[in-house]
Amino acid sequence: MKQVFRSNFAMIVGWLWMVFAAANAVDLVVRYNGRLSMVAAAVLGVLTALVFVTCLRPMIVMSEEGVLVRNPLRNAFVPWSGVDEVTVSHSITIASGDQKVRCWVPQTSARERAAAVRRGKPAPGRGRFRTEPVRSKAEQVAAEAMAGKTHADWVAEQITERAEAARRTASLTPSEEGTGAASGGFTTAWAPSALVALVLALVLVVAASVV
């Protein structure tokens, strides 16, 4: 089963910018007036490339073979058999042997963690009458289970559980060990889409400087 985790806020901001950039690009083509238009196009191109690599590209993709971490400029793939430890500070870090990859998304802030802690506490009453609805027993148990946990903590737990489940499955089917993509190790590489976006932005900057 494929699961994708990313920042919804960043995705919304990214696509809103793409729509804005597309509309302005059309306007620059229609009203082209030489150097001024090229400079504006260069600025628009650089900003769009930055928005693409920081807002739209980053995500964590979990598949049957392993976990793919898409950061702004690089992709890292860790097969489930290679996931040794998953930790969370302000971001998720996946360790595989001596190598580590820090995930760009999801991230957590001190404010978000404090809010997560508050969610796990019983709703207090004020004076003689409660001012907030009373949680049912099931709701309180769920709140306590999630106390102090942010979205990043939850995603890290999903990665750990998938890795453990994959290792258990592999131990039950030894004849399949060492085959397929899961037998590979930690791999990391530059992201072609990010490089293309930055190169196109650079081309616009060079073109604006020579016009």
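Right above here is the structure, for reference.
The model shown is predicted, which means the values in this text are computed figures rather than measured ones. (Residues numbered from 1 in each chain as written. Predicted model: local features only at pLDDT ≥ 70, side-chain atom pairs only at ≥ 80, totals over all residues. Heavy atoms only, no water.)

A. Structural context of helix α6 (residues 192–210). Look at α6: 27 Å from first C-alpha to last across 19 residues, which is about the 27 Å you get at 1.5 Å a residue. Of all the residues in α6, the buried ones are Ala-194, Ala-197, Ala-201 and Ala-208. Down the axis of α6, the smallest arc covering the buried residues is 70°, so these residues share one side. Exposed side chains of α6 directed beyond 90 degrees from the buried face belong to Pro-192, Leu-200, Leu-202 and Val-210. Elements that come into contact with the buried residues of α6 comprise α2 (35–56). (Helix = DSSP H or I, 4+ residues; strand = E, 2+ residues; numbered from the N terminus. Expected span 1.5 Å × (residues − 1). Buried < 20%, exposed > 50% of the residue type's maximum accessible area, 1.4 Å probe, protein only. Arc of directions from axis to C-beta. Contact = heavy atoms within 4.5 Å.)

B. Molecular detail of the packing of α2 against α6. Close contact between α2 and α6 brings their axes to 8 Å; oriented N to C, the two are set at 165°. With respect to α6, the element α2 is oriented roughly antiparallel. Of the two possible hands of crossing, α2 and α6 adopt the one that is left-handed. Residues Arg-35, Met-38, Val-39, Ala-41, Ala-42, Gly-45, Val-46, Ala-49, Phe-52 and Val-53 of α2 lie in contact with α6, whose contacting residues are Ser-193, Ala-194, Ala-197, Leu-198, Ala-201, Leu-204, Val-205, Ala-207, Ala-208 and Ser-209. For the contact of α2 with α6, the per-class residue count stands at 16 nonpolar, three polar and one charged. (Axes fitted to C-alpha atoms, helices over the stretch in contact; angles between N-to-C directions. Parallel < 35°, antiparallel > 145°, perpendicular 65-115°, else oblique. Left-handed = near helix turned anticlockwise from the far one by under 90°. Nonpolar A, V, L, I, M, F, W, Y, C, P; charged D, E, K, R; others polar.)

C. Seen up close, the side chain of Thr-108. Relative to the helices and strands, Thr-108 is located in the loop between β7 (99–102) and α3 (110–119). Within the structure, the side chain of Thr-108 is placed 3.4 Å from the side chain of Thr-150, a separation counted as a polar contact. (Polar contact = N/O pair within 3.5 Å; in protein donor to acceptor, adjacent residues only side chain to side chain.)

D. Just the sheet that holds β7, in detail. Across the sheet, which stays open at both edges, the three strands sit in the order β5-β6-β7 with antiparallel pairing between neighbours. Where the open sheet ends on each side, the last strands, each with one partner, are β5 (85–88) and β7. Direction aside, neighbouring strands of the sheet carry axes that sit 20° apart on average. As judged from the four bridges shared by β5 and strand β6 (residues 92–96), these two strands associate in the antiparallel manner. Of the residues in β6, the one forming a bridge with Val-88 is Ile-92. Where helix α5 (residues 151–172) meets the sheet, its contacts fall on β5 and β6, and the angle it forms with β5 comes to roughly 175°. (Pairing = 2+ DSSP bridges.)

E. Quick look at the side chain of Thr-93. The topology assignment puts Thr-93 in strand β6. Not counting residues up to four positions away in its chain, the partners in contact with Thr-93 are Glu-85, Val-86, Thr-87, Lys-100, Val-101 and Arg-102.

So yeah, pure geometry; function would need other evidence.
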